[in-house]
Amino acid sequence: MRAFTPLVGLTALAAAALLPVGLASAGEAGQPSARSNARPVLICATDAATRRAFTREHGSTPVFVTAREALSVRSSDPAWSAPRCMTAREHARYRDAATTYAAVR
């Protein structure tokens, strides 16, 4: 459980990175809330203890996504019932891809 605790703090960072930019002004009347389309991603290890902790916290086994899958999520895709997991290496790939995309734009 101790190894899982720091990962919870990264949830907000990863979730903020996955939220579509257009939902930033969702506080306006008639706009859907940003939480309704939130797709949080946790940085998880692949060991048994982390899997047990994730199952205890979220009620299902962790589903791992790659950086490519995270980048291809669209706002029209159905919301996730539980957070997804990403390894630390995939998170580095995601961060690098997002930085490169932002630099090109």
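I will try to describe carefully the structure that is included in this document. (Residues numbered from 1 in each chain as written. Predicted model: local features only at pLDDT ≥ 70, side-chain atom pairs only at ≥ 80, totals over all residues. Heavy atoms only, no water.)

Let us look at the overall build of the protein. Within the protein, the secondary structure is distributed over four helices and two strands. Counting only residues that meet the buried cut, the protein has 30% of its 105 residues in that class. Taking the intrachain contacts of the protein between residues at least 6 apart in sequence as the baseline, contacts between residues at least 24 apart amount to 59%. Roughly 6,900 Å² of accessible area belongs to the protein as shown, and the carbon and sulfur atoms make up 56% of that amount. (Helix = DSSP H or I, 4+ residues; strand = E, 2+ residues; numbered from the N terminus. Buried < 20%, exposed > 50% of the residue type's maximum accessible area, 1.4 Å probe, protein only. Contact = heavy atoms within 4.5 Å. Areas by Shrake-Rupley, 256 points an atom, 1.4 Å probe, with all protein chains shown as cover.)

Among all positions of helix H2 (residues 48-58), only Thr 50, Ala 53 and Phe 54 are buried. On an axial view of H2, the arc spanned by its buried residues comes to 100 degrees, and they lie on one face. Seen from the open side of H2, the exposed residues pointing more than 90 degrees away from its buried face are Arg 52 and Arg 56. Buried residues along H2 sit against strand E1 (41-43) and strand E2 (84-86). The positive-phi residue at the C-terminal boundary of H2 is Gly 59, with phi of around 80 degrees. (Arc of directions from axis to C-beta.)

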